[in-house]
Each structure stands twice: as structure tokens, then as C-alpha cells.
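# Observations on chain architecture
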Amino acid sequence: MIKTIREQQEAQEQVVLSPYACLSSRSRGRMNEEEHCHLRTAFQRDRDRIIHSKTFRRLKHKTQVFLAPAGDHYRTRLTHVLEVSQIARTMAVCLRLNEYLTEAIALGHDLGHTPFGHAGEFSLNQLHPRGFKHYRQSLRIVDFLENGGHGLNLTWEVRNGILKHSKGYGEILPGDTAELAATLEGQLVRVADIMAYVNHDMDDALRGGMLANEDLPAHLRAVLGDRSSQRINAMVGDLVATTLERNDGRLHLSGRMNDTINELRSFLYDNVYRNYRVHNEFEKAQRIIRDLYGYFLEHEPPENGLGACCRASQPVQTPEEERRRHRQVCDFIAGMTDRYALALYSQIFIPKPWSVL
């Protein structure tokens, strides 16, 4: 019997991949069952659906750390997820894990991020009655909001990896596995996320004149090197070597590297993320989000972008209507790009001069 290309790939995975890898043929499936593709595995299809989504394209105009930077070389949320994907895929190949699953999770993990980065997330978490977390919003996007309200119908493994990728200021690889994705591929994305941002945020801070190379403590430079490529290579190499050495079905960093990454992260919090230049812009962004949120609780969001007239909403009558109103406003604002939020804010709140003819 002639096998399809997808079936041939699935058979090859069983031969090539590690016993700890998640095989495409053994996925737990999708929320809504659908026919298999004869060319692509389930995880390849998920990756493609994410890349072709409107939400993914909007990431190019969403803040990573520096709000609306003037230079073309500063990271955005889109370049961040691409760097996470590259780092995670490299480690997946070295560990013989499923590269397509890893890539799909990496590309989808930040779809739910707000305009203005964590400033927007912080504001929406205060404003929405049920709170707001970008990883939950990422899952909401792929499950419900994308594709005209039908979602992307992704596999359980990709959805789980997206939901479990975030660590905040917590441990990189916690001992409590309940905090981790169910697959090693999803756990790889969690680690690759921090490897990417501590390095590219350091690089952007150097570019912006907020830091100099010699500001990084000498003992950290001794472990990681002086350039971004050296630092990433050191981190990736340590995880791959330590995980292969332990060979117990879990990911591992050496104690020295784990401490080094944590210290680098603390250094960036103290010298970049809490820097007055970043913090001042953070407060301005929060004000924009708060004002837009309050306005759209009282007015219908525009259906046709800028220039559309925002009419007053019908008064809320019941707790359920209030809940739906908050959810609608939160989804609308979370999906904005930085420049759309700024333009809409200007249109609504900044007075325009009258011209007398």
C-alpha cells in the first residue's frame, strides 16, 4: 500500500526521533476533528496556520521592550518569536525532539501580547474584571478569535505549549512539572524564550546607549562571552550537553549556567526594565490603554479601522452583558498594534484645530 508523504514523515519520526520526543502520529488531536493532510504532519499544519494568521502579522508592530523605537534594528514582538523559534529548533534538533512541534509552539507563544508590551498587559490585568495574562490570550486567539471567530483548531500539544510557556520571574526549569508543558518540545520553548530575551534585550540596551559591554559583571562575561552570539551559544550548548548527559526524559541546565542566566535576568531588571527611560514610557503607555478601555466600555469599537465613527454602546442591563462588554473591549485592545493604539488614541482624545474658510 502506497503511503502518503505525511505518513512517510510520520514513519521516519518513529525511526529518527528520541524516545522522549512527541510523535506527530500520536498527537492527542484537535478540538474539532478534521481530515489529515496528505502532505504535512499535524504539527506542520499548526505552524503554517499560525504563520498565515492576521494576529501573527500584527506582531511586527508590537513592542518588545522599547516603545516605538526610532531605529530599524530594535526588536519587536515578531522578531522576538522568530529568535525564540530559532533557538528552540536548534536545541530540538540536537536532542532529536520534534522540530515542527517546537516551531509551532514558539511561533504562537506570544500571539496574545498587547500593544506596548508588558505595560499593556499590566494595564489590562488591572482593568479587566477577570484579569489578563498574555499566554491565556494567546490560547483564546488560536481557539476562538482568529479565522473569523472559528479559531485555528490547533493540536492539543501546541495549545498546551502556548499556555505553559510563560515563567514570569519564576524558575527557568521548576521542579514542579505541573508548571511545565506536557511535552519536552513545549518545555524547550519556555527555556528558549528566556535565552532569547535576555540576550536580545541586552543587545538592544547596548544599541540604545543604556548599557556598555563593561557594565555586565566580569564573572558573567567569563561564563557567557562578550557578544550576543557567544552568550546564546553558551546557553544552548550547556542545555544540550547537560540534558544528554542526564538522559532521564527531562531538560537540564548545569547549576552554573542556571545561576548565570538568573543573574543576567536580574541584571537586566535592575538596569534596563526598571530604567527610568523605559519606566517613563511604560507609564505613558498605561495611560493610553486605560483611556481607550474606558472609552470603549461606553462606545462600540470601530469596524473599519481609523476614520470610522465610534457610536455610543447600548447601556449594560445585566451582569452577563457587562461581562461580555469587558471581554469584547479587552479582546479589541489586546489585538491592537502600538501604532494603531496611538493613532486611535489621537483620533479620539487629541483635539484637532478648526480651519476657518
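Here we summarise the structure given alongside this text. This one's a predicted model, so the numbers in the text were calculated from it and none came from an experiment.

A few words on the side chain of His 326. Mapped onto the fold, His 326 is located in helix 14 (residues 319-334). Apart from the residues lying within four places of it in its own chain, the contact partners of His 326 are Leu 127, His 128, Pro 129, Tyr 293 and Leu 297.

Right, let's talk about the packing of aromatic side chains for a bit. With the rule as written, the count across this model stands at seven aromatic pairs. On the basis of an interplanar angle of 85 degrees and a centroid distance of 6.5 Å, the ring pair of Phe 332 and Tyr 340 is categorised as edge-to-face. On the basis of an interplanar angle of 45 degrees and a centroid distance of 4.9 Å, the ring pair of Tyr 345 and Phe 349 is categorised as tilted. On the criterion of helical spacing, the pair formed by Tyr 345 and Phe 349 is a turn pair, its members being four residues apart in helix 15 (residues 338-349). Its relative accessible area of 17% is what places Tyr 345 among the buried residues. A network of ring pairs unites the aromatic residues Tyr 295, Phe 296, Phe 332, Tyr 340, Tyr 345 and Phe 349 as a single cluster. The ring of Trp 156 carries Arg 28 above its face, with NZ or CZ at 3.7 Å from the centroid. Looking at Arg 207, its charged tip hangs above the ring of Tyr 74, at a distance of 6.0 Å from the centre.

Within the secondary structure, Arg 75 is located in the loop between helix 3 (54-58) and helix 4 (77-94). A residue is classified by how much of its surface remains accessible, and Arg 75, at 13% relative accessible area, is buried. For Arg 75, the side chain forms a polar contact with the side chain of Glu 83, separated by 2.9 Å. Ignoring any residue separated from it by four or fewer positions in sequence, one finds Arg 75 in contact with Gln 64, Glu 83, His 200, Asp 203, Asp 204 and Arg 207.

With that settled, consider helix 4. Here helix 4 spans 26 Å end to end across 18 residues, near enough to the 26 Å set by a 1.5 Å rise per residue. For helix 4, the elements touching its buried residues are helix 3, helix 5 (99-108), helix 6 (117-127), helix 9 (184-207) and helix 11 (228-246). In the stretch just after helix 4, Arg 96 is the one whose phi turns positive, near 60 degrees.

Where helix 13 (residues 276-298) meets helix 15, the closest approach of the two axes is 10 Å, and the angle between their N-to-C directions is 60 degrees. Judged by the inter-axis angle, helix 13 sits oblique to helix 15. The handedness of the crossing between helix 13 and helix 15 comes out as left-handed. Facing helix 13, whose interface residues are Ile 288, Asp 291, Leu 292, Tyr 295 and Phe 296, helix 15 presents Ala 341, Leu 342, Leu 344, Tyr 345, Ile 348 and Phe 349. Looking at the contact of helix 13 with helix 15 residue by residue, the class counts come to ten nonpolar, no polar and one charged.

All right, on to a positive patch on the surface then. A surface patch of like charges, here positive, comprises Lys 54, Arg 57, Lys 60 and Arg 339. Position of Arg 57 among the secondary structure elements: in helix 3.

About the cut-offs
Residues numbered from 1 in each chain as written. Predicted model: local features only at pLDDT ≥ 70, side-chain atom pairs only at ≥ 80, totals over all residues. Heavy atoms only, no water. Helix = DSSP H or I, 4+ residues; strand = E, 2+ residues; numbered from the N terminus. Contact = heavy atoms within 4.5 Å. Phe/Tyr/Trp six-rings, centres within 6.5 Å; stacked < 30°, edge-to-face > 60°. Buried < 20%, exposed > 50% of the residue type's maximum accessible area, 1.4 Å probe, protein only. Lys NZ or Arg CZ within 6 Å of the ring centre and 35° of its normal. Polar contact = N/O pair within 3.5 Å; in protein donor to acceptor, adjacent residues only side chain to side chain. Expected span 1.5 Å × (residues − 1). Axes fitted to C-alpha atoms, helices over the stretch in contact; angles between N-to-C directions. Parallel < 35°, antiparallel > 145°, perpendicular 65-115°, else oblique. Left-handed = near helix turned anticlockwise from the far one by under 90°. Nonpolar A, V, L, I, M, F, W, Y, C, P; charged D, E, K, R; others polar. Patch = residues over 30% accessible without salt bridge, like charges linked within 9 Å, V, L, I, M, F, W, Y side chains within 5 Å. Areas by Shrake-Rupley, 256 points an atom, 1.4 Å probe, with all protein chains shown as cover. Salt bridge = Lys/Arg side-chain N within 4 Å of Asp/Glu carboxyl O. Lys, Arg positive; Asp, Glu negative; His and termini not counted. Charge placed at Lys NZ, Arg CZ, Asp CG, Glu CD.

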